[in-house]
Amino acid sequence: MSVFPPQAHFHLMAKPSSFHCNIQCEYCFYLEKSEQFGQHAPFMSKDTLKHYVKNYIQSHAGNVVEFAWQGGEPILLGLDFYRQAVEYQQEFAQGKQITNAFQTNGIALNQQWAAFFKQHHFLIGLSIDGLSAVHNRYRISGNGNPTFEKVVKALNLLQEYGVEFNTLTVINDQNWQKGRDTYLALKQLGSTYMQFIPIVERHAQTQSVTDFSIPSEGYGQFLVDVFHEWYEHDVGKIYVSQFDNLLGQWLGYPSTTCVHQPTCGQSLVTEANGDVYACDHFVYPEYKVGNLTQQPLTEIVFSSKQQQFGLEKSQKLTALCRHCEFRKLCYGGCPKHRFISLENEPNPHNYLCASYRYFFEQTAPYMQAMARQIRLHPSAA
């Protein structure tokens, strides 16, 4: 009698290039990993790739297995690496549907890459910070040159080849007051799926927030500025992940992002050598939970260490969070951003609390109205 291994619902992002990248974004939280892993840390080997693909598919409980390739810059491994990845996916699929998402800065994207992405239905996430002046402030090449025009060329190439893509825009000290302008710039470039992520980083020595980070209330202001422009002109035509997610929550669905889920721990990351960490934002020695070349991923996901990591998100909410009217939309946000000390409170509070409150407050009447319309006319949604 054959014994099937246990399976789990989880997501495992891969960083086959580790921290290695072909540009040097000042705000990138992953560049510091060169100190942790050493400047010459190798790329993912063919053997580790095979283990990753096979282990992930076999351990995953769903009928759809979503592969996500990030870095660093995943393009650095070359096309043959991903051709091999697709071959392994087909070999080990076991009837499951396989999808691939690929986050890139677009600098080295050419016709061969575009053709490959189209052929194998890759969803591309293109990092672009909207306005050229803002983008070129931090997203620069190793020798200090701007990269905006190269990214626009990559975007145009994806459009030319009919590759599905979304844009990923980092909100920082340069653009948090330019929500509408940033949105309109992306819209003009042809982006119809947008994602806006806040940059909040701290100096390793002092733990003070870096100058390029967004102010605590800035992310909320940015999102609300974008929201009003989107709501007035583009509902149903342009998709903003933060708005889609929030509307889903108002309709009673769980958050599609871990940031606003009650617990975390289902979104793990594997480094180039197969080491698995609790989360993309916690790739530190104390958060290493296993290695996928040495044990089944289910064993790692169900380990007491990973389970406790996930539960602490809800267990360590501040009193302010526990009694907040928006608790069920927010759930305290990402633990990475919880470092604000409050009086008579043992747990750190989320730095972006003011932003989340403002975003939820300002959009609530519109979200409730849209949710009512969808409930009344579900077929039109």
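Residues numbered from 1 in each chain as written. Predicted model: local features only at pLDDT ≥ 70, side-chain atom pairs only at ≥ 80, totals over all residues. Heavy atoms only, no water.

A word on the side chain of His60
This is how the line gets drawn: Numbering goes from the N terminus for both helices and strands, where a helix is a DSSP run of H or I of at least four residues and a strand is a run of E of at least two. The contact rule is simple, with two residues in contact once any of their heavy atoms fall within 4.5 Å.
Within the element layout of this structure, His60 appears in the loop between helix 2 (46-59) and strand 2 (64-69). Non-local contacts of His60, meaning those with residues more than four positions away in its chain, are made with Gln7, Ala8, Phe10, Val65 and Lys96.

Examining the pattern of salt bridges
As a reminder of what qualifies: Note on definitions: salt bridges are taken to be side-chain nitrogens of Lys or Arg within 4 Å of carboxyl oxygens of Asp or Glu. Partly exposed describes any residue whose relative accessible area lies between the buried limit of under 20% and the exposed limit of over 50%, with all areas from a 1.4 Å probe on protein chains only and scaled to the type maximum.
Summed over all chains, the structure comprises ten salt bridges. Close ionic contact of Arg137 with Glu26 constitutes a salt bridge, the shortest N to O distance being 3.6 Å. Of this pair, Arg137 sits in helix 5 (residues 132-138) while Glu26 sits in the loop between strand 1 (11-14) and helix 1 (33-37); the two residues are 111 residues apart in sequence, bridging distant segments of the chain. Classification of Arg137 as partly exposed rests on a relative accessible area of 38%. On the basis of relative accessible area, Glu26 is assigned to the partly exposed category, the value being 47%. Here Arg180 makes a salt bridge to Glu229, at a shortest N to O gap of 2.9 Å. Residue Arg180 is found in helix 7 (residues 179-189), and its partner Glu229 is found in helix 8 (residues 218-233); the two are separated by 49 residues along the sequence. Residues joined by salt bridges that share partners form a network here, namely Glu325, Arg357 and Glu361.

A few points about unusual backbone geometry
In terms of backbone geometry, most residues other than glycine have negative phi values and most peptide bonds are trans. The step from Gly71 to Gly72 runs through a cis peptide bond, and the omega angle for that step is 10°. Structurally, Gly72 is set in the loop between strand 2 and helix 3 (79-92). Of note, His121 is a non-glycine position whose phi angle comes to about 60°, a positive value. If you trace the backbone, His121 turns up in the loop between helix 4 (111-119) and strand 4 (123-127). Taking the relative accessible area as the measure of exposure, His121 reaches 67% and is therefore exposed. Residue Tyr331 is not a glycine yet carries a positive backbone phi of 55°.

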